[in-house]
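Listed here are the chains, written in short residue letters.
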Amino acid sequence: MHAGTPRRRSPLPLGSQPLRLVLLALQPQLLALDVLLVVVGFALRCIALPPDVPGLFVKSSAKSCGLFVAFLWGLTPPLATLTQAYSDDTVAALVIMLLLTSCLTFDYAYVSTSDPATGHARSAGAVSLNAAMFASVILASRMPNDLLVFAFVQMAIILYAWSPILRHFLKNYWRRLYHGLAGATTLICLVLLYKLSITLMISYAAVSTGIVALAPATLLAIQQYKNEIHGPWDEAK
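Just so it is clear, the model here is predicted, and its values are computed rather than measured.

### A few points about the overall build of the chain
For the chain, the count of helices and strands is nine helices and zero strands. When the elements of the chain are put in sequence order from the N terminus, they spell out α-α-α-α-α-α-α-α-α. Across the 237 residues that make up the chain, the buried fraction comes to 27%. In the chain, once contacts between residues fewer than 6 apart in sequence are set aside, the share between residues at least 24 apart is 74%. Counting every atom, the chain has about 15,700 Å² of accessible surface; 71% of that belongs to carbon and sulfur.

### Some thoughts on helix α4 (residues 88–105)
Helix length check: α4 (18 residues) gives 26 Å between terminal C-alpha atoms against 26 Å at 1.5 Å per residue, within 8%. Those residues of α4 that sit buried are Val 91, Val 95, Leu 98 and Ser 102. All buried residues of α4 project into a common sector of 70 degrees when viewed along the axis, lining one side. With respect to the buried face of α4, the exposed residues turned more than 90 degrees away are Asp 89, Ile 96, Met 97, Leu 100 and Leu 104. Structurally, α4 contributes buried residues whose contacts are with α6 (126–140).

### A look at the packing of helix α7 (residues 146–173) against helix α8 (residues 175–196)
Two elements in contact, α7 and α8, have axes separated by 6 Å at closest approach and are oriented at 140 degrees. Here α8 runs oblique to α7, going by the angle between their axes. Judged by residue contacts, Arg 167, Leu 170, Lys 171 and Tyr 173 of α7 engage Arg 175, Leu 177, Tyr 178 and Leu 181 from α8. Looking at the contact of α7 with α8 residue by residue, the class counts come to five nonpolar, no polar and three charged.

### Points about the nonpolar core
In summary, soluble globular proteins display a tendency toward joint burial of nonpolar side chains. The biggest cluster of nonpolar side chains holds 13 residues, and the ones touching the most others in it are Leu 72, Leu 79, Val 149, Val 153 and Ile 157. Those elements that place two or more of their residues in this core are α3 (54–80), α6 and α7. In terms of residue count, α7 provides more of this core than any other element does, six residues in total. Discounting residues that sit within four places of it in the chain, Val 153 has contacts with Leu 72, Leu 79, Met 133 and Ala 140.

Thresholds applied
- Residues numbered from 1 in each chain as written.
- Predicted model: local features only at pLDDT ≥ 70, side-chain atom pairs only at ≥ 80, totals over all residues.
- Heavy atoms only, no water.
- Helix = DSSP H or I, 4+ residues; strand = E, 2+ residues; numbered from the N terminus.
- Buried < 20%, exposed > 50% of the residue type's maximum accessible area, 1.4 Å probe, protein only.
- Contact = heavy atoms within 4.5 Å.
- Areas by Shrake-Rupley, 256 points an atom, 1.4 Å probe, with all protein chains shown as cover.
- Expected span 1.5 Å × (residues − 1).
- Arc of directions from axis to C-beta.
- Axes fitted to C-alpha atoms, helices over the stretch in contact; angles between N-to-C directions.
- Parallel < 35°, antiparallel > 145°, perpendicular 65-115°, else oblique.
- Nonpolar A, V, L, I, M, F, W, Y, C, P; charged D, E, K, R; others polar.
- Core = buried A, V, L, I, M, F, W, Y, C linked by side-chain atoms within 4.5 Å.

Below, the structure written as structure tokens:
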């Protein structure tokens, strides 16, 4: 099937004909964003490498990236029909459960660690990554054409597999850029949720504020009420 040929079926579990037209219109922007994010990520990684390393890093990474893109493009046709026999309600329920699993099992400690000695450590959130990618593949299979399936899966790989590595790296070497990226990501989420539902936007803003600001502030405030108990179990000074 040609990449630009729409399939005659429901494109998304939450979709309709207007959403289908919006997705088709955003197809070039999504592909351009995929390329931009990959280039920026590699550029940031190369800047922090020793002077004699970036050339080898770019050569090996470009080769791996090319093979990966070709492999993913070859898998696009079967991925595009993966959930064709399933109902929209089944797809929506499965995606919600998988994304919740991803959120609950994500290795947040890996992203937030600031110890340069662990700069090359790997994330322990394998369950989270697998759940997120499975959900993304299921959603991608509801896209109206093969090119959008490819772009959607590629974006999911950038967000769920490569983004934690980049954020971990920025936390170790560029704190300001790390915080700026976190703020920009939050702002983008708020804007996108606003277009979808004001209630969802307010809920996301409230939960984010509680986790980022209220919870740490409460922990610091109750430290003054902490009682330190001494006894014979203490080490001798």
